[in-house]
Amino acid sequence: MKSDEKKYIDHYHIVQLFKLFYRSEFDLFDLIKKYSVLRSRKLADEGHWHYIFLQPTQSLHEIERMKPCLRQREFDPVIIDWMAEIYSYAVEEQDMTFEDAVKAVSPEWLYDSYSPLHETSMQNGWCKAVQCRNGE
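In this report, the structure presented in the accompanying data block is examined. (Residues numbered from 1 in each chain as written. Predicted model: local features only at pLDDT ≥ 70, side-chain atom pairs only at ≥ 80, totals over all residues. Heavy atoms only, no water.)

Contact geometry for helix 1 (residues 4-23) and helix 6 (residues 77-93): axes closest at 9 Å, N-to-C directions at 150 degrees. What the angle tells us is that helix 1 and helix 6 run roughly antiparallel. Crossing handedness for the pair helix 1 and helix 6: right-handed. Contacts between helix 1 and helix 6 involve Lys7, Asp10, His11, Ile14, Val15, Phe18, Lys19 and Tyr22 on the former and, on the latter, Pro77, Ile80, Asp81, Met83, Ala84, Glu85, Tyr87, Ser88, Val91 and Glu92. A per-class count over the contact of helix 1 with helix 6 returns 10 nonpolar, two polar and six charged. (Axes fitted to C-alpha atoms, helices over the stretch in contact; angles between N-to-C directions. Helix = DSSP H or I, 4+ residues; strand = E, 2+ residues; numbered from the N terminus. Parallel < 35°, antiparallel > 145°, perpendicular 65-115°, else oblique. Left-handed = near helix turned anticlockwise from the far one by under 90°. Contact = heavy atoms within 4.5 Å. Nonpolar A, V, L, I, M, F, W, Y, C, P; charged D, E, K, R; others polar.)

Spelled out as structure tokens, the structure:
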């Protein structure tokens, strides 16, 4: 379990990293999936300070070394910000790893489900996303 301070810093870094994803030449969904399996992300999920403080640009460079796919379409920055918030919610409040959150609700599905999920709270949005993805 991470302290409130670690949660805040981790949340901020996830949001900033997703902003970098938007400006990147690479595919948003591929970047999110590759980020979810980074060793540094897994260690951040375990609460290691060094990896929580890892700057978003460092994470992006690490992901780029994994040769992500090039972007094939344009993405809406408002939806990307919301996705960062909802994945961060899953990590912070549902006590999930980032990888488990991405496995539970794929970035493609989450992006396409922005409307109507964004009209509810983060908690309800996440719960509905997980229920829909699990066919409940």
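Between side chains of opposite charge, a pair can form when the charged atoms approach closely. Enumeration over the complete set of coordinates arrives at eight salt bridges. We note a salt bridge from Asp10 to Arg41, for which the minimum N-O separation is 2.8 Å. On the criterion of sequence distance, the pair formed by Asp10 in helix 1 and Arg41 in helix 3 (residues 39-45) is long-range, its members being 31 residues apart. The same class applies to Asp10 and to Arg41, which are both buried. Residue Asp81 pairs with Lys19 through a salt bridge whose shortest N-O separation is 3.2 Å. With Asp81 in helix 6 and Lys19 in helix 1, this residue pair connects regions lying 62 residues apart in the sequence. Since its relative accessible area comes to 30%, Lys19 is described here as partly exposed. Bridged by salt links that share partners, the residues Asp10, Arg41 and Asp45 form one connected network. (Salt bridge = Lys/Arg side-chain N within 4 Å of Asp/Glu carboxyl O. Buried < 20%, exposed > 50% of the residue type's maximum accessible area, 1.4 Å probe, protein only.)

Remember that the coordinates give geometry; whether it matters functionally is a separate question.
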